[in-house]
Amino acid sequence: MSRALPARVRITEVGPRDGLQNEPQRVPTATKAAFVRALVAAGLTEIEITSFVRPDRVPQLADAEELCAALGPPPAGVRYVALVPNERGLERALATGVIGKVAVFTAASETFAQRNVNASIDESIARFRPVVEGARAAGLALRGYVSAAMGCPYEGHVDAAHVVAVVEALDALGCEDISIGDTIGAGTPGDVARVLDAVLAVVPAERIALHFHDTRGMAVANVLEGLRRGIASYDASAGGLGGCPYAPGAAGNLATEDLVYLLDGLGVAHGVGLDPLRQASASIENAVGHALVGRVYRAPAWPLGE
Ligand code: HMG
Ligand code: MG
């Protein structure tokens, strides 16, 4: 159902994690730390900086501990988020002392869950229980991701009922926000409407975030559909970081600059400065070894002279 747009939106910057995990070139830890600091300077307050997963599965983020040590505690009002798949991941995240929020992740498709986390959906959720207890005991905030919510690279179409079942399980675990992921950028606003109609019948809009990849150029349109349905939390990556330029079909997240430009145009507050954000993206562009694809990042400043 369409309603007034939210007055303010929270942007979770996932470039250092989702973006860099997909870049073929390894980025030095010091460059990653400078990137995160530049994102903070641009006004981003929720930044997913890395993952505590198996280093052999995601070698790009194998320096998670080193990055945390290089960064130190976040400035006041900023929270560093990290992906944590299991108890081992939580132990590693807690040992750094700088992570304020952990994100557990599973999928709405069985095949995707198997390939991504080597477990069925139910098994992955069972693994989260001790993670949730440990995170809560340590005073950390908790996010849950539902991947492949608008299409699966192995199974194709994914029923909204499967998304709802996982959302309910993450809700029951106590995730404060649940991010619905269009992992392969297959969805259109029609899919956003279809999935949200089902999800918002069981969990309020305040607890839902949307996580779009921009493979088919639908991400900004999808955000607009989310806004119309009252969703006020979006994930994005600076410059549209991510995706492999040598692998057709792999694309990065919705570019944070594109999200900011859209929100500015709609008069929705978000707290991020477009110019310093562009500078943050520029700081990582050389390190990944190819041009970043974000449309607003690449375009001249507008209005002219800004
Ligand atoms: P597993 O192999 O099933 O784990 O991995 P296991 O419990 O059987 O352990 C096997 C070995 O791994 C053991 O070592 C463990 O200690 C080690 P050994 O005893 O053989 O020497 N191990 C670990 N080491 C370090 N940190 C850990 C850890 N866990 C086990 N946390 C696991 C299961 C999930 C860990 C693995 O499959 C994995 O790391 N997968 C990577 C998943 C990933 O990072 N995917 C990308 C992120 S998700 C995403 O991008 C989607 C999202 O953006 C939303 C969207 O777009 O939809 C979030
Ligand atoms: Mg993603």
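So, here is what we can say about the structure in this document. Since we're looking at a predicted model, the values are computed, not measured.

Cut-offs applied
Throughout this description, residue numbers start from 1 for each chain and increase along the sequence as written. Chains and ligands are labelled sequentially in the order written, the chains with letters from A and the ligands with numbers from 1. Local features in a predicted model are, by the rule used here, given only for residues with pLDDT of at least 70; side-chain atom pairs are given and counted only at 80 or more, and totals for whole chains, interfaces and linings are based on all residues. Side-chain metrics rest on all non-hydrogen atoms present in the structure, leaving aside hydrogens and water. Using a 1.4 Å probe on the protein chains alone, a residue whose accessible area is under 20% of its type maximum counts as buried, one over 50% counts as exposed, and one in between counts as partly exposed. In DSSP terms, a helix is any run of H or I states spanning at least four residues, a strand is any run of E spanning at least two, and both are numbered starting from the N terminus. The criterion for strand pairing is that DSSP finds at least two bridges linking the strands in question. Note on handedness: a crossover is taken as right-handed if, strands pointing away from the viewer, the path from the first strand over the helix to the second is clockwise. Distances up to 2.8 Å from the metal define which N, O and S atoms are donors, and 3.2 Å serves for Na, K and Ca; water is absent from the atom set, so sites may look incomplete. In this analysis, axes come from line fits to C-alpha atoms, helices being fitted only over the stretch in contact, and the angle between any two N-to-C directions falls in the range 0 to 180 degrees. If an angle is under 35 degrees, it is roughly parallel; if it is over 145, roughly antiparallel; if it lies from 65 to 115, roughly perpendicular; otherwise it is oblique. Two helices cross in a left-handed way if the nearer one is turned anticlockwise from the farther one by less than a right angle. They cross in a right-handed way if the turn is clockwise. Pairs of residues are marked as contacts when any of their non-hydrogen atoms sit within 4.5 Å. Ten residue types, Ala, Val, Leu, Ile, Met, Phe, Trp, Tyr, Cys and Pro, are classed as nonpolar, four, Asp, Glu, Lys and Arg, as charged, and the remainder, Gly among them, as polar. Being near a molecule or strand, for a residue, means having at least one of its heavy atoms within 4 Å of it. A 3.5 Å cut-off defines polar contacts: any pair of N or O atoms within that distance qualifies, except that in protein one atom must be a possible hydrogen donor and the other a possible acceptor, and neighbouring residues in sequence count only when both atoms are side-chain atoms. Using the Shrake-Rupley algorithm and a 1.4 Å probe, accessible areas are obtained, with residue cover drawn only from the displayed protein chains. Here the aromatic set is Phe, Tyr and Trp, taking the six-membered ring for Trp, and pairing holds for ring centres within 6.5 Å; pairs whose planes are under 30 degrees apart are stacked, those over 60 apart are edge-to-face, and all others are tilted. Whether a charge sits over a ring comes down to the Lys NZ or Arg CZ being within 6 Å of the ring centre and within 35 degrees of the ring normal.

**What about the pairing of strand 3 (residues 79–83)?**
Looking along a regular strand, one sees the side chains alternate between the two faces of the sheet.
And then number 1: Of all the five residues making up strand 3, four are buried; the element is thus mostly covered by neighbouring parts of the structure.
And then number 2: In terms of strand pairing, strand 2 (residues 46–51) meets strand 3 through five bridges, oriented parallel. When the bridges of strand 3 are listed, S51 appears paired with L83.
And then number 3: For the segment spanning strand 2, helix 3 (residues 64–71) and strand 3, crossover handedness is right-handed.
And then number 4: The sheet contact formed by strand 3 and strand 4 (residues 101–107) spans three bridges and is parallel. Note that in strand 4 the partner of A82 across the bridge is V102.
And then number 5: Running through helix 4 (residues 87–96), the crossover from strand 3 to the neighbouring parallel element strand 4 is right-handed.

**Overview of the coordination of the magnesium ion (ligand 2)**
And then number 1: Donor atoms from the polypeptide that coordinate the magnesium ion (ligand 2) comprise D18 (OD), H211 (NE2) and H213 (NE2), at 2.0 to 2.2 Å from the metal.
And then number 2: Here the donor residues of the magnesium ion (ligand 2) are spaced in sequence according to D-x192-H-x1-H. One end of the pair, D18, is in helix 1 (residues 15–21); the other, H213, is in the loop between strand 7 (208–212) and helix 9 (219–228), with 195 residues separating them in the sequence. Across the pair, exposure class does not vary: D18 and H213 are buried alike.

**Considerations on the packing of helix 6 (residues 121–137) against helix 7 (residues 160–173)**
And then number 1: Contact pair helix 6 / helix 7: the axes reach a minimum separation of 10 Å and the direction vectors enclose 25 degrees. The angle between helix 6 and helix 7 falls in the class roughly parallel. Helix-helix and strand crossings are classified by hand; for helix 6 and helix 7 the assignment is right-handed. Facing helix 6, whose interface residues are I121, I125, F128, R129, V132 and R136, helix 7 presents V166, A169, L170 and L173.
And then number 2: Across the contact of helix 6 with helix 7, the residue classes break down as eight nonpolar, no polar and two charged.

**Re the site of ligand 1**
And then number 1: As a structural note, the neighbourhood of ligand 1 is formed by 26 residues, with Q21, R54, R57, S147 and T183 the closest of them.
And then number 2: Measuring from an oxygen atom of ligand 1, one finds a side-chain N or O atom of H211 at 3.0 Å.
And then number 3: For ligand 1, whose accessible area on its own is 1,100 Å², the fraction buried by protein is 72%.
And then number 4: Those elements giving two or more residues to the shell around ligand 1 turn out to be helix 1, helix 4, helix 5 (110–117) and strand 5 (141–147).
And then number 5: Broken down by class, the residue content of the shell around ligand 1 amounts to nine nonpolar, ten polar and seven charged.

**Some points on the packing of aromatic side chains**
And then number 1: This structure, assessed with the given rule, holds one aromatic pair.
And then number 2: Residues F112 and Y154 carry aromatic rings whose centres are separated by 6.4 Å and whose planes lie at 35 degrees to one another, so their mutual orientation is tilted. Taken together, the residues F112 in helix 5 and Y154 in the loop between strand 5 and helix 7 connect sequence positions 42 residues apart.
And then number 3: Owing to a relative accessible area of 12%, F112 belongs among the buried residues under this scheme.
And then number 4: According to the relative accessible area criterion, Y154 is partly exposed, its value standing at 42%.
And then number 5: Seen from the ring of Y145, R17 lies directly overhead, with NZ or CZ sitting 5.8 Å from the centre.
And then number 6: The cationic tip of R115 hangs over the ring face of Y154; the distance from NZ or CZ to the ring centre is 4.3 Å.

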